[in-house]
Amino acid sequence: MNRTFEPTFHKKTKMIFANCALDSTISKANEPAESAELNPPQWPASVHIIDSTKSDKEIQNELDGLQEQPTIITSDMTSNQDLIGTKQFVPTEHFSSERKVIFFEPREEPYKVDVQVGYYVQVAGLGASAKDVKFADNGAEKKKGPYCPAYFNTKLEGLTTLDTFWRSAENYSNLTKDGQLWAVSQAAPIRRIHTVNDLNLNDKGAQSSGGHLANVQVDGALVFGSQQQFCSRSVTVGDSGAINLGAWSNVFVDTVAPEGCLKAPAAWNGAPFGENLSLETRANNWRAADWSTGSVDKDGASTTVNVPKTTVEKCFVAMETVADDSKKYFLHVPQPRIRSGDSPSPLGADLSGTTDDRRPFENVYVALADAGDDIDYDVARKINIALRQGKDIVLSPGIYHLQESINIVKKDQVLLGIGMATLAAPPNGEPCIRVATGTEGVRIGGIMFAASKINKGLFFSPKTTAFIEFGKEGVADAGNPSNPGVLSDIFCRVGGDLDREVSTDVMVRIHQGNVIGDNLWLWRADHVELAADESPNFPDMNLDYHQVVMGECPGKTGLEVNGDNVVIHGLAVEHTQEDQVVWNGNDGQVYFYQCELPYDVDQNFGAKNFVGFRVNGENHQLGGAGVYSNFRDYNVLVKTGIVHPKAFDSKVVINPFIVHLNNGGRIMTVVSDGSTFGGGPVYDKDHMICKYNPKAEDEKMHESEKEEMEENTMVRQTSWGWISEKLASPFRGSRPTSPTGVASQ
């Protein structure tokens, strides 16, 4: 193994909960003495280091073997003449088990290569500063550097990025003339980059459901185009730049841009987008347009937070050449940027790294994931030994099948995943990660979480399963506002692979106060992988997946917040079966929220008044929140999208909206304070906006329609057709009926 020390553990084909607890106790007594880790580490095969001394031709040949391979589009694949004869990528790796990171060593000369960033791939520079790794054209020959284009969907016969998930690009400068192309949806952040030309977040008008960019400098135009929604945090737009908005919602947190660069509709009365905008509601900021135009110059709702109190950048890996020409690795831990009213700076992107805490890899444990079928059931214990010794952890790319929780017990520790490292939850229902009470300054970032099949009925089984328990339930823990805990690029999913019995209750639970979240996507799967001999159960949807139906991949809630002063910049929660978010803590803030209610529920979901976002705490601010519906299987009526004590205070709940994506049912109102239900913009399934005007008879109409829907649901649930359908679902058979339209993701 790749360590200066390596404890000897016996392999097990399976571990049960009682043995896990016993082995954890024994391992503390027998764990090895602390010793330094190797620097440079002996990286596994899933880590690809691009040697700066190689020629660009050699590097391109190496990269071609690491990328997804494009397909030539023919006339029997599409009637779109613009696509016929072109090379396009096809999303064949959507549920791949492979993970990888491609690191580029720093060098003076720009790399002149193309790097398509596919599923479960991270591409990153290894410089301390974003300028240390550069990508440029090769003279007159255009190059792209790292990029993510739209995918060709064979069923739709066209381009889409609605399923472009699980990838990232970080820490470099793009000098190419065509600028940076990054056409993605959720769980695909782009961070810590500088592009001297445009940053295009859409590709040829293909529909997109993003997204998150953070710590980015754009000298040209920032083009959202066909993006439904997007969160921009700590972004600097150059003096000659412009911002072309997306479709439904754009949220800007700590964004510095020149006066008048935002292309605003007349309804804004000429209000400029400058450095001094405060968080506010633009009451007439509705937009109506047809997506079929493919225009990249669209004006949607804009929510801005000019001076957030605190922002914290994600940790990253850097490499330096030291005096003896050897290569040493460092874990960079950016310091919080805390602002006050008298001193609101610094603002915008910070790409230099000069204030980072540089931690040498002698004190960083590089964890190794499972290698194919060779599952290391002891990996969590090895990580816990290193954590108890005070070391930081880097999870190398791969899937980790945990048998016990990873326990962070010391302040300021870092747990960083690279290459979409994935933690599969322990089968005993314990969380993947537990942060001890009173442990301030913990950084967790760059990690995917996957649900497991829970062995129910075990002794000491937890009452609530989760992926992350930040603090301890019921124990007061204020945290430290000067040294907050941080969650960066956290991507949870319940379902996706073949096993449809995986589950969790609440994906992330935050009990500690003063925790900052930066880009969380908490996803109960709406679609999962098809078995080798299986056909799609909803063929009319034109998607090569099994659509999740009631009883599969259960998950109650995405996020539960019990701590005070918790702030999240960029949150998306989708398809859980009860309230998507429950916020019990006081003085919370969420800027950018995107939510899809579950597709597969019946009217019980509406009758129990489940919502997209529920606030029970005091003094909570919510900016740029959208809740979408696509009730595929039943015509569900939901009373409201968001419940908030100050729902109708436009300085507290800012730019809320709902969207009817497809199929039947609807969300009746946008917001409620618990007694009154009311408005905001409502987008219909044709992507047109209808301003909602609450009427006195709305409540009566909802109750009568709800009673009718409950009666219809009861009839269906007592019919042989419904019973036979439920009995057939475990055998992955096709359902007799299918809805029309394609879900957004």
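Given the structure is predicted, the values throughout are model-derived calculations rather than measurements.

**Student:** It is not clear to me how unusual backbone geometry should be interpreted in this structure. Could you clarify?
**Tutor:** Of all residues except glycine, most have a negative phi; of all peptide bonds, most are trans. A cis geometry characterises the amide bond from asparagine 39 onward to proline 40, with omega recorded as 10°. Here proline 40 lies in the loop between helix 1 (17–30) and strand 1 (47–50). The amide bond that connects glycine 210 to the next residue, glycine 211, takes the cis arrangement and shows omega of -5°. If you trace the backbone, glycine 211 turns up in the loop between strand 14 (199–200) and strand 15 (212–218). One non-glycine residue with positive phi stands out, namely asparagine 519, at about 80°. Checked against the element boundaries, asparagine 519 lands in strand 37 (residues 515–524).

**Student:** What exactly am I supposed to notice about the nonpolar core here?
**Tutor:** Across soluble globular proteins, you tend to see nonpolar side chains buried next to one another. Core analysis: the largest hydrophobic core is formed by 95 residues, its most contacted members being Ile433, Leu571 and Tyr593. Residues contacting tyrosine 593, with those up to four places away along its chain left out, are Leu571, Val573, Gln580, Val581, Gly612, Phe613, Leu622, Gly623, Gly624, Ala625, Gly626 and Val627.

**Student:** Mind showing me how you'd approach the environment of aspartate 137 here?
**Tutor:** Within the secondary structure, aspartate 137 sits in the loop between strand 7 (134–135) and strand 8 (145–147). It is 9.5 Å that separates the C-alpha atoms of aspartate 137 and aspartate 114, two residues lying 23 residues apart in sequence. With sequence-adjacent residues up to four places away left out, aspartate 137 is seen in contact with Lys112, Lys142, Lys143, Thr176 and Lys177. At 2.8 Å, the side chain of aspartate 137 and the backbone nitrogen of lysine 143 are in polar contact.

**Student:** Where do I start with the sheet that holds strand 25 (residues 357–360) in this structure?
**Tutor:** Hydrogen bonding along the main chain pairs the strands of a sheet, whether they run parallel or antiparallel. Read across the open sheet, the three strands follow the order 22-23-25; overall the sheet is antiparallel. Lying at the two open borders of the sheet, with one neighbouring strand each, are strand 22 (316–321) and strand 25. The mean inter-strand angle of the sheet, taken between neighbouring strand axes irrespective of direction, is 40°. Sheet topology note: the strand 22/strand 23 (residues 327–333) ladder contains six bridges and is antiparallel. Among the inter-strand pairings, methionine 319 is bridged to a residue of strand 23, identified as tyrosine 329.

**Student:** Teacher, can you tell me more about the sheet that holds strand 12 (residues 180–181) here?
**Tutor:** Pairing within the open sheet is parallel, and its four strands lie in the order 12-14-16-18. Across the chains shown, the open sheet's two edge strands, defined by having one partner strand only, are strand 12 and strand 18 (242–244). Sheet topology note: the strand 16 (residues 221–223)/strand 18 ladder contains three bridges and is parallel. Note on strand 18: the bridge partner recorded for alanine 221 is alanine 242.

**Student:** Just checking my understanding: could you explain the state of the cysteines for this structure?
**Tutor:** Linking two cysteines covalently via their sulfur atoms produces the bond known as a disulfide. Inspection of the entire model under this criterion finds zero disulfides. Here cysteine 432 stays free of any disulfide, with the sulfur of cysteine 492 as its closest cysteine sulfur at 8.0 Å.

**Student:** Teacher, can you tell me more about the packing of aromatic side chains here?
**Tutor:** When we look at a pair of aromatic rings, we describe it by the centre distance and by the angle of the planes. With the rule as written, the count across this model stands at 27 aromatic pairs. With 6.0 Å between their ring centres and 25° between their planes, phenylalanine 449 and phenylalanine 467 make a pair best called stacked. Of this pair, phenylalanine 449 sits in strand 33 (residues 443–450) while phenylalanine 467 sits in the loop between strand 33 and strand 34 (468–470), placing them 18 residues apart in sequence. Accessibility classification places phenylalanine 449 together with phenylalanine 467 in one group, the buried group. Geometrically, the ring pair formed by tyrosine 628 and phenylalanine 657 is tilted, given 6.0 Å between the ring centres and 40° between the ring planes. Of this pair, tyrosine 628 sits in strand 45 (residues 621–629) while phenylalanine 657 sits in strand 48 (residues 657–660); the two residues are 29 residues apart in sequence, bridging distant segments of the chain. The class of tyrosine 628 is buried, set by a relative accessible area of 1%. Ring pairs connect the aromatic residues Phe95, Tyr119, Tyr120, Tyr151, Phe165, Trp166, Trp521, Trp523 and Tyr545, which therefore count as one cluster. Between lysine 144 and the ring centre of tyrosine 147, over which it is positioned, the NZ or CZ distance is 5.1 Å.

**Student:** When you look at the confidence of the model for the protein chain in this model, what are you seeing that I'm missing?
**Tutor:** As a general rule, the predicted coordinates of low-pLDDT regions are not to be interpreted in detail. Looking at the protein chain, the pLDDT average stands at 83 and 80% of residues meet or exceed 70. Here residues 263–299 scores under 50 on pLDDT; set against residues more than four positions off or in separate chains, the count is 98 contacts. Residue range residues 709–745 is modelled with pLDDT below 50. Its contacts to residues more than four positions away, or to other chains, number 75 contacts.

**Student:** Mind showing me how you'd approach the pattern of salt bridges here?
**Tutor:** Where side chains of opposite charge bring their charged atoms close, a pairing between them can arise. Under the definition given, this model contains 33 salt bridges. Residue aspartate 497 pairs with arginine 493 through a salt bridge whose shortest N-O separation is 3.5 Å. The class of aspartate 497 is partly exposed, set by a relative accessible area of 37%. When the shortest N-O distance is used, the salt bridge between aspartate 633 and arginine 632 registers 2.7 Å.

**Student:** Where do I start with the environment of glutamate 501 in this structure?
**Tutor:** Residue position: glutamate 501 is located in the loop between strand 35 (485–494) and strand 36 (504–510). Separated by 52 residues in the primary sequence, glutamate 501 and cysteine 553 have C-alpha atoms spaced 5.5 Å apart.

**Student:** Would you explain the pairing of strand 35 in this entry?
**Tutor:** Side chains on a regular strand alternate between the two faces of the sheet. Extensive coverage of strand 35 is indicated by the burial of 10 of its 10 residues. Relative to strand 35, strand 33 runs parallel, the two being bridged by seven bridges. Looking at strand 35, one finds that alanine 450 is bridged to arginine 493. Strand direction decides the pairing type here: strand 35 and strand 37, joined by nine bridges, are parallel. For cysteine 492, the partnering residue across the bridge sits in strand 37 and is leucine 522.

**Student:** Just to check I follow, could you spell out the environment of serine 96 for this structure?
**Tutor:** On the secondary structure map, serine 96 appears in the loop between strand 3 (87–88) and strand 4 (100–104). Separated by 433 residues in sequence, serine 96 and glutamate 529 place their C-alpha atoms 9.5 Å apart. Side-chain polar atoms of serine 96 contact the backbone nitrogen of glutamate 98, separated by 3.0 Å.

**Student:** What is the right way to read helix 2 (residues 56–64) from this model?
**Tutor:** Every α-helix winds through 3.6 residues per turn, so residues three or four apart in the chain are directed the same way. Where helix 2 is concerned, the buried positions are Ile59, Gln60 and Leu63. End-on, the buried residues of helix 2 take up no more than an arc of 100°, which puts them together on one face. Summarising the geometry of helix 2, the exposed residues directed more than 90 degrees from the buried face are Lys57 and Asn61. Among the structural elements, strand 1, strand 4 and strand 5 (114–116) are those in contact with the buried residues of helix 2.

Reading guide: rules and limits
- Residues numbered from 1 in each chain as written.
- Predicted model: local features only at pLDDT ≥ 70, side-chain atom pairs only at ≥ 80, totals over all residues.
- Heavy atoms only, no water.
- Helix = DSSP H or I, 4+ residues; strand = E, 2+ residues; numbered from the N terminus.
- Core = buried A, V, L, I, M, F, W, Y, C linked by side-chain atoms within 4.5 Å.
- Buried < 20%, exposed > 50% of the residue type's maximum accessible area, 1.4 Å probe, protein only.
- Contact = heavy atoms within 4.5 Å.
- Polar contact = N/O pair within 3.5 Å; in protein donor to acceptor, adjacent residues only side chain to side chain.
- Pairing = 2+ DSSP bridges.
- Axes fitted to C-alpha atoms, helices over the stretch in contact; angles between N-to-C directions.
- Disulfide = S-S within 2.5 Å.
- Phe/Tyr/Trp six-rings, centres within 6.5 Å; stacked < 30°, edge-to-face > 60°.
- Lys NZ or Arg CZ within 6 Å of the ring centre and 35° of its normal.
- pLDDT = per-residue confidence, 0-100.
- Salt bridge = Lys/Arg side-chain N within 4 Å of Asp/Glu carboxyl O.
- Arc of directions from axis to C-beta.

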